[in-house]
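Topology and contacts: notes
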Amino acid sequence: EAGVAQSPRYKIIEKRQSVAFWCNPISGHATLYWYQQILGQGPKLLIQFQNNGVVDDSQLPKDRFSAERLKGVDSTLKIQPAKLEDSAVYLCASSLGQGSNTGELFFGEGSRLTVL
Amino acid sequence: SQKIEQNSEALNIQEGKTATLTCNYTNYSPAYLQWYRQDPGRGPVFLLLIRENEKEKRKERLKVTFDTTLKQSLFHITASQPADSATYLCATASGSARQLTFGSGTQLTVLP
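Residues numbered from 1 in each chain as written. Chains lettered and ligands numbered in written order. Predicted model: local features only at pLDDT ≥ 70, side-chain atom pairs only at ≥ 80, totals over all residues. Heavy atoms only, no water.

This next bit is on the sheet that holds strand 1 (residues 4-6) of chain B. Residues and elements named next belong to chain B. Read from one edge of the open sheet, five strands run 1-3-8-7-6, paired in antiparallel fashion. Taken across any chain shown, the strands that pair with only one partner, and hence form the sheet edges, are strand 1 and strand 6 (56-59). Strand-to-strand, the axes of this sheet are offset by a mean angle of 15 degrees, without reference to chain direction. Bridge analysis of strand 1 against strand 3 (residues 19-25) gives three bridges, and the strand direction is antiparallel. Within strand 3, the residue paired with glutamine 6 across the bridge is cysteine 23. (Pairing = 2+ DSSP bridges. Helix = DSSP H or I, 4+ residues; strand = E, 2+ residues; numbered from the N terminus. Axes fitted to C-alpha atoms, helices over the stretch in contact; angles between N-to-C directions.)

As structure tokens, this is what we get:
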């Protein structure tokens, strides 16, 4: 079974530039998550989708971050304009949602962003 | 909002010993608590889940306990091996959509 795919793996940009990350979840997984993980910290939820609807985006800095999940499959996270403090690994995860006994999240390898 | 606290310092143990990692949470009791393993440069990998009405869960060399009175979960790795060296993350689920809140993780090193 293919895992969660993310791209790009690495991205370096200047502050005030924009960047987009892409995620393709495991086939059949209804729930998709974007997490931000700053070095030395645990993952912080940015946004959670159930199919193509937003369940929770309370911690998403909406003045600069946006995310969409068209057709309830893959998703894009965009940052515009980027700030130095956005340097982090952006993790995408998916889960079966209500069909899961464990609520297990399957994570991708992450996209490491460096803002100079 | 929920706050998760894990051992902030790295844990070094000798091969063959039992590693014990701590996860404390504030505020409300979560519906369940999960443990994940994260290797450098990789995404977290799910290990175990324990629900609020369960006291203990085992999987091979792993054991998790959940004490809702102390607001604490303990994660044990018995007969530890160097391959167990990684960062271990605790996460609690709450809210109608079971949003996960992660702790900052504990870095474990098992010395040969």
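Residues and elements named next belong to chain A. What the rule picks out here adds up to two disulfides over all chains. A sulfur-sulfur separation of 1.9 Å characterises the disulfide bridge that pairs cysteine 23 with cysteine 92. One quick way to see it: the torsion about the S-S bond of cysteine 23 and cysteine 92 is about -70 degrees, and its sign makes the bridge left-handed. With cysteine 23 in strand 3 (residues 19-24) and cysteine 92 in strand 9 (residues 88-95), the pair connects residues that are 69 residues apart, well separated along the chain. Cysteine 92 matches cysteine 23 in its accessibility class, with the two residues each being buried. (Disulfide = S-S within 2.5 Å. Buried < 20%, exposed > 50% of the residue type's maximum accessible area, 1.4 Å probe, protein only.)

To continue, consider the interface of chain A and chain B. Many structure descriptions define interface size as the accessible area lost when the parts assemble. With 20 residues of chain A in contact, the opposing surface of chain B contributes 18 residues. Counting the contacts that link chain A with chain B gives one salt bridge. The tally of links from chain A across to chain B stands at six residue pairs in polar contact (both at pLDDT 80 or more). Within the residue set of the side of chain A that touches chain B, elements represented by two or more residues are strand 4 (31-37), strand 5 (44-50) and strand 6 (53-56) of chain A. (Contact = heavy atoms within 4.5 Å. Salt bridge = Lys/Arg side-chain N within 4 Å of Asp/Glu carboxyl O. Polar contact = N/O pair within 3.5 Å; in protein donor to acceptor, adjacent residues only side chain to side chain.)

This part takes up the side chain of serine 95 of chain A. All names here are of chain A. Mapped onto the elements of the fold, serine 95 is located in strand 9. A relative accessible area of 2% means that serine 95 is categorised as buried. What serine 95 contacts, discounting residues up to four positions off in sequence, is His29, Ala30, Thr31, Tyr33, Glu104 and Leu105.

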